[in-house]
Amino acid sequence: MRPYLRDLKTNIEKIQRDIIPLRDAIVNHPVYTQISTLPDLRIFMGYHVYAVWDFMSLLKALQINLTCVSLPWFPVGSGKTRSLINEIVAGEESDLDNAGSQKSHFELYLDAMVQCGADTNGINVFIDSLKAGHGFNEAYHLAGTPAAARQFVDFTFDVIKTGKPHLQASIFTFGREDLIPNMFTTMVNDLNKAFPDELSIYKYYLDRHIEVDGDHHSQLALDMTTELCGNNEAHWAESLEYTRLALQQRIALWDGALEEIIANKNPK
């Protein structure tokens, strides 16, 4: 292996080692052991859907920064990063749902919420408010967005607003992909056996997420982050810092869901 490539691999491995405690805290978060009924899962989905939505916004920010999305067209960046981000966007924005129709993973998640009986009014009001020109704070207020979800989305958009593709790519790569633990998929599979009419779409979503995001897209994202950070040590240091922050935000999001699930189980 050439020294340059070896150094890049070392930087990737350094981030992966450094974030092990935070990743473990997410994968072993107590929220998963508290989800044992459909009402529990519906609450969890009400939080998670905001992460699914802003994941798409983070993805499109990368596409905007790494490709030409305006007229007249000019080549932007390198052909390699254009190829990487466009392939990920195509998979996330127009995948096949359980019925064979093309739709985004966010739309698939909404379908799963509807089938499960989870409340989609909040996220729909939030998005409609943004479409109508309201700012984020007003949209949160109108939608009744949970505080933990607000903070999670705010952090993502703060990173988007930096305009730094290497930071956007880093939190996308290390802070968003491949974080669904086996215990959660096992729990959903067990619930699906008891309630197939309520959970078949959600099971499909999770299976698809693991198959696409946790495998192929994860490698593409690693390649993209490596390409964008290159041999710039300052970029790698910033990437590690923001990756830590992104994972802390995920823990806080799950903390919020856990608190509401427990409160719902034990009403005062």
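Residues numbered from 1 in each chain as written. Predicted model: local features only at pLDDT ≥ 70, side-chain atom pairs only at ≥ 80, totals over all residues. Heavy atoms only, no water.

Visitor: Can you walk me through the confidence of the model for the protein in this structure?
Guide: Low pLDDT means the predicted coordinates in that region are not meant to be read closely. Looking at the protein as a whole, the pLDDT averages 91, with 94% of positions reaching at least 70. Long-range and interchain partners of residues 1–5, a stretch whose pLDDT sits below 50, account for 4 contacts in this model, where long-range means more than four residues apart. (pLDDT = per-residue confidence, 0-100. Contact = heavy atoms within 4.5 Å.)

Visitor: It is not clear to me how the nonpolar core should be interpreted in this structure. Could you clarify?
Guide: In a soluble, globular protein the nonpolar side chains are often hidden away together inside. Counting 83 residues, the largest nonpolar core has Phe44, Phe184, Tyr202 and Met224 as the members making the most contacts within it. Top contributing element to this core by residue count: helix 4 (residues 38–66), with 18 residues. With near-sequence residues (within four places) excluded, Tyr202 lies in contact with Leu41, Phe44, Met45, His48, Tyr109, Ala112, Gln115, Phe184 and Val188. (Core = buried A, V, L, I, M, F, W, Y, C linked by side-chain atoms within 4.5 Å. Buried < 20%, exposed > 50% of the residue type's maximum accessible area, 1.4 Å probe, protein only. Helix = DSSP H or I, 4+ residues; strand = E, 2+ residues; numbered from the N terminus.)

Visitor: Help me out: how do you make sense of the environment of Lys80 in this one?
Guide: Inspection of the secondary structure assignment puts Lys80 in helix 5 (residues 79–93). Lys80 sits in the partly exposed class, given a relative accessible area of 47%. Between the alpha carbons of Lys80 and Leu66 there is a distance of 9.9 Å; along the sequence they are 14 residues apart.

Visitor: What exactly am I supposed to notice about the packing of aromatic side chains here?
Guide: Geometry of an aromatic ring pair is reported as the spacing of the ring centres plus the angle between the planes. Across all of its chains, the model carries 17 aromatic pairs by this definition. Look at Tyr32 and Phe184: their rings are 5.4 Å apart centre to centre, the planes differ by 50°, and that puts the pair in the tilted class. Highlighted residues: Tyr32 in helix 3 (residues 31–34) and Phe184 in helix 11 (residues 182–194), separated in sequence by 152 residues. Like Phe184, Tyr32 is buried. (Phe/Tyr/Trp six-rings, centres within 6.5 Å; stacked < 30°, edge-to-face > 60°.)

Visitor: Honestly, unusual backbone geometry in this entry has me stumped. Any pointers?
Guide: For the bond running from Leu71 to Pro72, omega is -5°, close enough to zero to count as cis. Note that Pro72 resides in the loop between helix 4 and helix 5.

Visitor: Help me understand the pattern of salt bridges in this model?
Guide: Here the idea is simple: oppositely charged side chains can pair when their charged atoms come close. Tallied over the full model, the rule gives 9 salt bridges. In this structure, the salt-bridge partner of Asp97 is Lys103, at a minimum N-O distance of 3.4 Å. Looking at Asp97, the relative accessible area reads 7%, which means it is buried. Relative accessible area serves as the criterion here: at 21%, Lys103 is assigned to the partly exposed category. In this structure, the salt-bridge partner of Asp111 is Lys103, at a minimum N-O distance of 2.6 Å. The class of Asp111 is partly exposed, set by a relative accessible area of 27%. Through salt bridges with shared partners, a single network forms among Asp97, Lys103 and Asp111. (Salt bridge = Lys/Arg side-chain N within 4 Å of Asp/Glu carboxyl O.)

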